[in-house]
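Topology and contacts: notes
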Amino acid sequence: MTLVTAIINFKGGVAKTTTTMNLGAGLRKLKERVLIIDTDPQGNVAVNLQGSEESVLNPQTLTISALYQRPDIDPNKAIIKGTYFDYIPNNLYAYQRTNGMSDYRLLKLIIDKVKHNYDQIIIDTPPYLGLDAINAIYAADTLMLVTDFSKASLTGVQILVSVLDKWHDKQISSVFKNKPKTILFTMHQKNTVLHRELLESVEDSKAVGMGIMLKERIPRLLKVVEDGYSGVPTIISNPRNKVATEYKSLAETWYYARTTGKITGSRYIVNVPKS
Ligand SMILES: Nc1ncnc2c1ncn2[C@@H]1O[C@H](COP(=O)(O)OP(=O)(O)OP(=O)(O)O)[C@@H](O)[C@H]1O
Ligand SMILES: [Mg+2]
């Protein structure tokens, strides 16, 4: 069975795409067959990969947004075989025509046609709750809420959880409530008192339905920004630095999640579908 994970937060710039790419590359290092699906029209997965910018700039690229509109096309044809993982890109060209679409099952139908070739599928999402995020939530087996330590980002997670819990379409709210959820902290600065206090308070967040906190905390490191330009995920470019070490641990957690059906967090364990 394939483990499908959606990376979400309503707030932008909190390292959703960085996490998607490092987790994907880390899982590939563990010999997992990995597919990343970029549902964000910014197309940042391709933007970050060296030499792939043309899929973002090219109106003809077969993107996930194009596949939403053309269910007759085999989605396997949209898969790009990248150096660090396979991926389906996105860009703004086809996305603009998804305006007004509301079917939340489109991505699940696409994944059902490609998943036999993959152990892990990771869905990167845009920083807002629209067609793409709702499709990702519906299609995923588990949701990873990625946040930095800013008030805006943590509030973004809380709002997202509370809005989705009461979503106007009851099917979506019940799907969301029942999905196993985890929280990953990024841009961590170990010696900051505020960060330590926040981690302690969120560790118990299982009680408020936000999901279990993961034991991995991704440190803030300028090198990650540089890697965005070089197109090589940090886990590959600098496998020994602190960011790479935490993403390596996250990849191991996800490998065990698929093979044992359990995600082990900082204090709690959550069940996910097992291979
Ligand atoms: N651990 C880190 N340390 C320092 N900078 C980081 C780290 N992780 C990500 N960044 C940088 O932060 C910026 C935002 O990261 P990223 O694009 O992954 O966020 P995002 O949540 O996907 O944003 P968006 O919501 O726009 O899609 C990028 O410039 C990235 O290089
Ligand atoms: Mg992003």
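Residues numbered from 1 in each chain as written. Chains lettered and ligands numbered in written order. Predicted model: local features only at pLDDT ≥ 70, side-chain atom pairs only at ≥ 80, totals over all residues.

1. Comments concerning the overall build of the protein
So the rule is basically this: Starting at the N terminus, helices and strands are each numbered in turn, a helix being any DSSP run of H or I of at least four residues and a strand any DSSP run of E of at least two. Here a residue counts as buried when 20 or more other C-beta atoms sit within 10 Å of its C-beta, as exposed when there are 12 or fewer, and as partly exposed otherwise, the C-beta atoms being derived from the backbone. Any two residues are considered in contact once their C-beta atoms, placed from the backbone, lie within 7 Å.
From N to C terminus, the protein includes 13 helices and 10 strands. Judged by the C-alpha coordinates and their principal axes, the protein covers about 50 × 45 × 35 Å. Here the protein holds 275 residues, and 49% of them are scored as buried. Residue pairs in contact within the protein that sit at least 24 positions apart in sequence constitute 76% of those at least 6 positions apart.

2. A few points about the site of ligand 1
Test applied: Here, nearness means that the C-beta atom of a residue, built from backbone geometry, sits within 6 Å of the molecule or strand in question. Polar here means any residue other than Ala, Val, Leu, Ile, Met, Phe, Trp, Tyr, Cys and Pro, which are nonpolar, and Asp, Glu, Lys and Arg, which are charged; Gly is therefore polar.
Around ligand 1, a shell composed of 20 residues is seen, among which G12, K16, T17, T18 and P127 lie nearest. When the residues that make up the shell around ligand 1 are grouped by side-chain class, the tally is nine nonpolar, eight polar and three charged.

3. Observations concerning the nonpolar core
To keep it simple, the criterion reads: For the purposes of this analysis, a nonpolar core is taken to be any set of buried Ala, Val, Leu, Ile, Met, Phe, Trp, Tyr and Cys residues that are connected through C-beta atoms within 7 Å.
Formed by 79 residues in total, the largest nonpolar core has its most connected members in I123 and A136. Take this core: its biggest share by element is seven residues, from helix α13 (residues 242-260). If we skip the residues at most four places from it in the chain, A136 touches A6, I8, T39, L107, I123 and T125.

4. Overview of the sheet that holds strand β4 (residues 86-88)
Note the cut-off: Only when DSSP finds a minimum of two bridges between them are two strands counted as paired. Lines fitted to the C-alpha atoms define the axes, with helices restricted to the stretch that makes contact. Angles between their N-to-C directions range from 0 to 180 degrees.
Spatially, the eight strands line up as an open sheet ordered β3-β4-β2-β5-β1-β6-β7-β8, and their pairing is mixed. This sheet does not close on itself; its edge strands, each paired only once, are β3 (80-81) and β8 (212-219). Judged from the four bridges that link them, strand β1 (residues 3-8) and strand β6 (residues 142-147) form a sheet pairing that is parallel. Pairing of T5 across the sheet is with T142, part of β6. Running at roughly 145 degrees to β1, helix α7 (residues 131-139) makes contact with β1, β5 (120-124) and β6 of the sheet. Along the sheet face, α13 touches β1, β5 and β8 and points at about 150 degrees away from the line of β8.

5. Thoughts on the packing of helix α1 (residues 16-29) against α13
Let me state the cut-off plainly: For this classification, under 35 degrees means roughly parallel, over 145 means roughly antiparallel, 65 to 115 means roughly perpendicular, and everything else is oblique. The crossing is said to be left-handed when, going from far helix to near helix, the turn is anticlockwise and less than a right angle, and right-handed when the turn is clockwise.
Taken N-terminus to C-terminus, the directions of α1 and α13 make an angle of 65 degrees; their axes are 8 Å apart at the nearest point. By the angle class used here, α1 and α13 are roughly perpendicular. You can see that α1 and α13 cross each other, and the crossing is right-handed. Along its contact with α1, which presents N22, L23, G26 and L27, the element α13 presents Y247, K248, L250, A251, W254 and Y255. Here the residues of the contact of α1 with α13 are counted per class, giving seven nonpolar, two polar and one charged.

6. Digging into unusual backbone geometry
Glycine aside, the phi torsion of most residues is negative, and most peptide linkages are trans. Although it is not a glycine, A15 sits at a positive phi angle of roughly 90 degrees. Mapping A15 onto the fold places it in the loop between β1 and α1. Positive phi, normally seen in glycine, also occurs at K31, with a value near 75 degrees. Tracing the backbone through its elements, the reader meets K31 in the loop between α1 and β2 (34-38).

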